[in-house]
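Chain and residue survey
What follows is the residue order along each chain.
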Amino acid sequence: MSHSPSQLTGHDWIVHYPKGVPAHLDYPKEPLGWLLQQVAEQKPDQVACHYFQQQITYQELFHQSQQLAAVLLRNGIRPGNRVGVLLPNIPEYAIALFGTWLAGGVAVPLNPLMVREEVVALLKSTDCQIVVSLDLLLPLLGDSETRHPAKVLVTTLADRLPWLDFILYRLLKIRRLGLRSRRSDEIPLLEALDSAPVGVELPQIAPENSAMILPTGGTTGRPKAVVLTHHNLLANAWQLRHWTEQRDVQEVILGCLPFFHSYGLTTCLLNGVAMGATMLLHHRFRPDAILKLIERQRPTLIPAVPAMLAGFNRVLRNRHLDLKSVRGVISGGAPLDPAVAAEFAKHTGAIVVQGYGLSEASPVTHSGPLDGTARPGTIGLPLPDTEALIVDAETGTREMPHGEVGELIIRGPQVMAGYWNDPEATAAALRDGWLFTGDLAKRDADGFFQIVDRKKDLIITSGVNVYPSDVEHVLSLYEGIEDIALLGVPDPDRGEVVKAVVVVKPGKTFNRRHFDEFAREHLEVHRRPRLVEVVTGPLPRSPLGKVLRRVLRDQYANESQTPGGG
């Protein structure tokens, strides 16, 4: 049953924002195409995208986006029609998005890690008219009988890769596509742009129009798709610009977080365009290669996930690289271990902070300040014009005192319009303008927030709340554990019991008795795992490093093991 939070009108505490960051912003009342246009006019020769040896200026990026808009209009795209984007982080991603928006279309980012059935189902459910795709990913669109939609604009990486990668790319392409000739519904993107009609009048787009349908992971059931408007995405980019930008510096943003996810899309691409920054793109995360790229190209800002920073640290322990250009790192997507943050800061001299967001909020709502006042273990402060409250998790109608755990709810210009074709889920998530995040959190007296756990991942055993991430952090310190996740397993006596799914480090053996002794030493009785299952890794994780507990529950929650612990 949904409860109305209408009596929650705001908070009675003051957020002290970093110097130079206003509490309220003046948002352009424009569609997203304006964001690129105004930078192209102000900084026409500034490099927008740097990918291997390829560089595209803002003037060129805007021109090619206009060309693509004309191509889409010529091929029947009308305001509100959907255009799929199945690409890695390459300059064409920006062209595909802004071209779609200039034409009035709605972009549907597609995850290249999906299987064919998932991609085809998503294209059909959103009724995509055209897809912009990488040639290697064409098999994901289906075969001749199941392909949807009818037309595909195709690009390739082959002509931009170093020679060894070029050879491997060609071999992989042959393996995936064979030696078949080009299909009639596959149009090379470059040819389409070169032959784009000129003088095409682009439609007028209102900021309230839909700009993106974004598939989002969920802890239960079928993943939903979030509808974000032009204003949602532009507002979040504007918030991040004022939060991260250093006015006297030409910013360079590392863009290796996947753009098909809202985190990479907004923090790297849209924030980069809002600042007029150079976006240093790379299509695949390999710590050694990315660190060399950082040393050569000198980015100033790095949006990251904790797994990236941990990977960097492993390399930097044995190799000295000059990474002093990096002044700020915002980590999100999963909890950031303060020790990991401190180690990367030591290697680079950068300020490393944790942020928070969710696809339903475009996605960023909180971030640690980049002025040195961030508090380790917290997600920082709400962004400008973002209201955040902690309410009771049962009804969502009562604000919790400082330091008390409850559900985090958000209100701000970046909050979604709703879920695609799912009014019931929309009504459950959006109540009187507040977005109920499903995350359990607490807030201190100074306005710094700390995520405690997912509401739906909460384990209640014998009436006592157990927050999985807290326990996982402790048990991960046990010698020989590579990875660990906690689940709640139904129990007739306790309601639920705690179960640990454990991945053991290579070459190590797992001793259950010693593990239980460690748990007894470090955890209260109700937080200790009573069931333990050792599995071969890795544990299923999202592209941003979150453990997919829903998948683990499906695999392991109902399997019985010999109880232990106590």
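Relevant structure appears above.
To start, this report covers the structure provided alongside it.

Definitions and limits used
- Residues numbered from 1 in each chain as written.
- Predicted model: local features only at pLDDT ≥ 70, side-chain atom pairs only at ≥ 80, totals over all residues.
- Heavy atoms only, no water.
- Helix = DSSP H or I, 4+ residues; strand = E, 2+ residues; numbered from the N terminus.
- Rg over C-alpha atoms; globule rule 2.2 N^0.38 Å.
- Buried < 20%, exposed > 50% of the residue type's maximum accessible area, 1.4 Å probe, protein only.
- Contact = heavy atoms within 4.5 Å.
- Pairing = 2+ DSSP bridges.
- Axes fitted to C-alpha atoms, helices over the stretch in contact; angles between N-to-C directions.
- Salt bridge = Lys/Arg side-chain N within 4 Å of Asp/Glu carboxyl O.
- Parallel < 35°, antiparallel > 145°, perpendicular 65-115°, else oblique.
- Nonpolar A, V, L, I, M, F, W, Y, C, P; charged D, E, K, R; others polar.
- Arc of directions from axis to C-beta.
- Polar contact = N/O pair within 3.5 Å; in protein donor to acceptor, adjacent residues only side chain to side chain.
- Phe/Tyr/Trp six-rings, centres within 6.5 Å; stacked < 30°, edge-to-face > 60°.

This paragraph deals with the overall build of the chain. Each helix and strand counted, the chain has 15 helices and 27 strands in total. Its C-alpha radius of gyration of 24 Å places the chain within 12% of the 24 Å reference for a compact globule of 566 residues. Reported as C-alpha extents along the three principal axes, the dimensions of the chain are approximately 75 × 55 × 50 Å. Classification of the 566 residues of the chain by burial places 56% in the buried group. Long-range contacts, defined as pairs at least 24 residues apart, comprise 68% of the intrachain contacts of the chain with a sequence gap of at least 6.

The three strands are arranged E25-E26-E27 in an open sheet whose pairing can be described as mixed. Each having just a single partner strand, strand E25 (481-491) and strand E27 (531-535) make up the two edges of the open sheet. The sheet shows a mean angle of 25 degrees between the axes of neighbouring strands, taken without regard to direction.

If you walk through the whole model with that rule in mind, you get 24 salt bridges. Its salt-bridge partner being Lys508, residue Glu479 comes within 3.9 Å of it at the nearest N-O pair. Residue Glu479 is located in the loop between helix H13 (468-475) and E25, and its partner Lys508 is located in the loop between strand E26 (495-504) and helix H14 (512-522); the two are separated by 29 residues in the primary sequence. Using a relative accessible area of 64% as the deciding quantity, one classes Glu479 as exposed. Linked through salt bridges whose partners overlap, the residues forming this network are Asp457, Glu472, Arg549 and Arg553.

The description of two packed helices rests on the angle between their axes and on the distance between the axes. Put simply, helix H9 (residues 287-297) and helix H10 (residues 306-316) touch, their axes get as near as 9 Å, and they point 80 degrees apart. Regarding the angle of H9 to H10, the classification is roughly perpendicular. For the pair H9 and H10, the contacting residues are Pro287, Asp288, Ile290, Leu291 and Ile294 in the first and Gly311, Phe312, Val315 and Leu316 in the second. Here the contact of H9 with H10 is built from residues that sort into seven nonpolar, one polar and one charged.

The next thing to look at is H13. All of the buried residues along H13 are Pro468, Val471, Glu472, Val474 and Leu475. Down the axis of H13, the sector holding all buried residues measures 160 degrees, keeping them to one side. Those residues of H13 hidden inside the fold are in contact with strand E22 (449-454), strand E23 (459-461), strand E24 (464-466), E25, H14 and helix H15 (549-556).

Our next topic: the side chain of Gln239. Looking at the secondary structure, you find Gln239 in helix H7 (residues 230-244). There is a polar contact of 2.9 Å between the side chain of Gln239 and the side chain of Asn236. What Gln239 contacts, discounting residues up to four positions off in sequence, is Leu25, Tyr27, Val364, Leu383, Pro384, Asp385, Thr386, Pro413 and Gln414.

Quick look at the pairing of E27 now. Two faces make up the sheet, and in a regular strand the side chains alternate between them. Where burial is concerned, most of E27 is hidden: four out of the five residues are buried. For E26 and E27, the ladder comprises five bridges, and the chain directions are parallel. What sits directly across from Val503, in E27, is Val535.

Right, let's get into unusual backbone geometry. Each neighbour pair has its own omega, and for Ser362 with Pro363 the value is 5 degrees, a cis peptide bond. Within the secondary structure, Pro363 is located in the loop between strand E14 (351-357) and strand E15 (364-367). In this model, Phe52 sits at a positive phi of 50 degrees, which is unusual for a non-glycine residue. The residue Asp127 is not glycine, and still its phi comes out positive at about 55 degrees. Secondary-structure assignment places Asp127 in the loop between helix H4 (116-126) and strand E5 (128-134). Given a relative accessible area of 34%, Asp127 falls into the partly exposed group.

A word on the packing of aromatic side chains. Any two aromatic rings considered together are summarised by their centre-to-centre distance and by the angle between their planes. In this structure the tally under the stated criterion is eleven aromatic pairs. Ring geometry for Phe285 against Phe312: centres 5.5 Å apart, planes inclined by 65 degrees, an arrangement best described as edge-to-face. Highlighted residues: Phe285 in the loop between strand E11 (278-281) and H9 and Phe312 in helix H10, separated in sequence by 27 residues. When the ring of Phe510 is compared with that of Phe515, the centres are 5.2 Å apart and the planes differ by 50 degrees; the resulting orientation is tilted.

Any link to function would need more than the numbers given here.
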